[in-house]
Amino acid sequence: MWLRRCHLCQRPAAEALCLTCWGQIVPLAEPQHVLRHTPWPHVHLAYAAYEPPLKTLLLDLKYRQARVLGLTLGRYLGQWYRAHWPLPDVLVPVPLHPQRQRERGYNQAELLARGLAEVLDRPVLRALQRQKHTPPLYTLSPEERQQVLQGVFALNPRWQRRLAQQRILLVDDILTTGATLLQAATILADCSQKLISLSAARALIADPLIFNRI
Ligand SMILES: [Zn+2]
């Protein structure tokens, strides 16, 4: 049987990350936050803090073409999700701008969503479109962020009906300020307010005005 090697420890492994290395990522004791500034409050889940080794993995996924790693992380997240949270009807990844996706060749959030979808046995819909580039948001004030993000996402009309009243799981790789997620969630609210969002990691700079612990 052909075996790949673990991305971190380089030992032969069935997946791109072995279970021992996955086990070294400590899940957050409180994975749930409420995103309040959408038209209705919705729950955001994050698996772990944005620190090594998860940080290393997510950076390699984003910048070093570690595509299989994205699917593997998604599958592990899927097993965790399935054990604790209500099953969604569909998964929607936070999109990249088309130009950035062409440069990179893939959307890391979509790879995570595809791994999750395999375990949850639900479809991934590219229901959101990103219409403009944004600068790194953590350098901006909360007001500037909202201004920059105005109109950044649009709904793909192809999926509008399909999403009506569905329980949507919105997937991203990292939660930083929460502002991007808030914009994406607001667009999806036109279709359904049954929304949960999930990121693999949460940075500690999450804006306290947007997120409150449950
Ligand atoms: Zn390993």
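Scroll up to find the structure this text is about.
A short tour of the structure in this document, coming up. (Residues numbered from 1 in each chain as written. Predicted model: local features only at pLDDT ≥ 70, side-chain atom pairs only at ≥ 80, totals over all residues. Heavy atoms only, no water.)

## Some remarks on the coordination of the zinc ion
A metal bound by six donors in octahedral fashion has ideal angles of 90 or 180 degrees, whereas one bound by four tetrahedral donors has an ideal angle of 109.5 degrees.
Point 1. For the zinc ion, the full set of protein donor atoms is C6 (SG), C9 (SG), C18 (SG) and C21 (SG), at a range of 2.3 to 2.4 Å.
Point 2. For the zinc ion, all donor residues lie on one chain, and their spacing in sequence is C-x2-C-x8-C-x2-C. (Donors = N, O, S within 2.8 Å, 3.2 Å for Na, K, Ca; no water.)

## Some words on the pattern of salt bridges
Point 1. Going through the model one piece at a time under the given rule, you end up with five salt bridges.
Point 2. Among the ionic pairs, R114 bridges to E110, the shortest N-O distance being 3.0 Å. Placement of the pair is R114 and E110 together in helix α5 (residues 108-120), with a separation of four residues, close to one helical turn.
Point 3. For R114, a relative accessible area of 37% translates into the label partly exposed.
Point 4. With relative accessibility at 8%, the residue E110 sits in the buried group.
Point 5. One salt bridge in this structure joins E110 and R126, with 2.9 Å as the shortest N-O distance. A residue pair is termed long-range when its members are at least 10 positions apart, and E110 in helix α5 and R126 in the loop between α5 and β6 (128-130) qualify at 16 residues.
Point 6. Through salt bridges that share partners, E15, R75 and E118 make up one connected network. (Salt bridge = Lys/Arg side-chain N within 4 Å of Asp/Glu carboxyl O. Helix = DSSP H or I, 4+ residues; strand = E, 2+ residues; numbered from the N terminus. Buried < 20%, exposed > 50% of the residue type's maximum accessible area, 1.4 Å probe, protein only.)

## Points about the packing of aromatic side chains
Point 1. Applying the stated criterion across every chain yields a total of four aromatic pairs.
Point 2. Consider the rings of W22 and Y47, whose centres lie 4.8 Å apart with planes at 15°: the pair is stacked. Here the residue W22 occupies a position in helix α1 (residues 19-23), and Y47 occupies one in strand β4 (residues 42-49), the gap between them amounting to 25 residues.
Point 3. Residue classification places W22 among the buried positions, given a relative accessible area of 10%.
Point 4. With centroids separated by 5.1 Å and ring planes inclined at 85°, the aromatic side chains of Y47 and W80 adopt a geometry described as edge-to-face. Residue Y47 is located in strand β4, and its partner W80 is located in helix α3 (residues 67-84); the two are separated by 33 residues in the primary sequence. This pair shows no difference in class: Y47 is buried, exactly as W80 is.
Point 5. An aromatic cluster of at least three residues, connected via ring pairs, comprises W22, Y47, Y76, W80 and W85. (Phe/Tyr/Trp six-rings, centres within 6.5 Å; stacked < 30°, edge-to-face > 60°.)

## Considering the layout of surface pockets
Point 1. Size it by volume and the largest pocket reaches roughly 790 Å³.
Point 2. As for the largest pocket, its lining consists of 33 residues, and the residues nearest its centre are K62, Y63, P136, L137 and T176.
Point 3. Top element by residues in the lining of the largest pocket is strand β8 (residues 168-175). It accounts for four residues.
Point 4. Tallied by class, residues from the lining of the largest pocket come to 17 nonpolar, nine polar and seven charged.
Point 5. What lines the second largest pocket is P93, P95, L96, P98, Q101, N107, E110, R126, L128, Q129, R130 and N156. (1 Å grid on protein atoms, 1.4 Å probe; cavity = no way out; pocket = protein on both sides within 12 Å on 5 of 7 lines; lining within 4 Å. Points joined across faces, edges and corners; volume = space filled by probe spheres on them. Nonpolar A, V, L, I, M, F, W, Y, C, P; charged D, E, K, R; others polar.)

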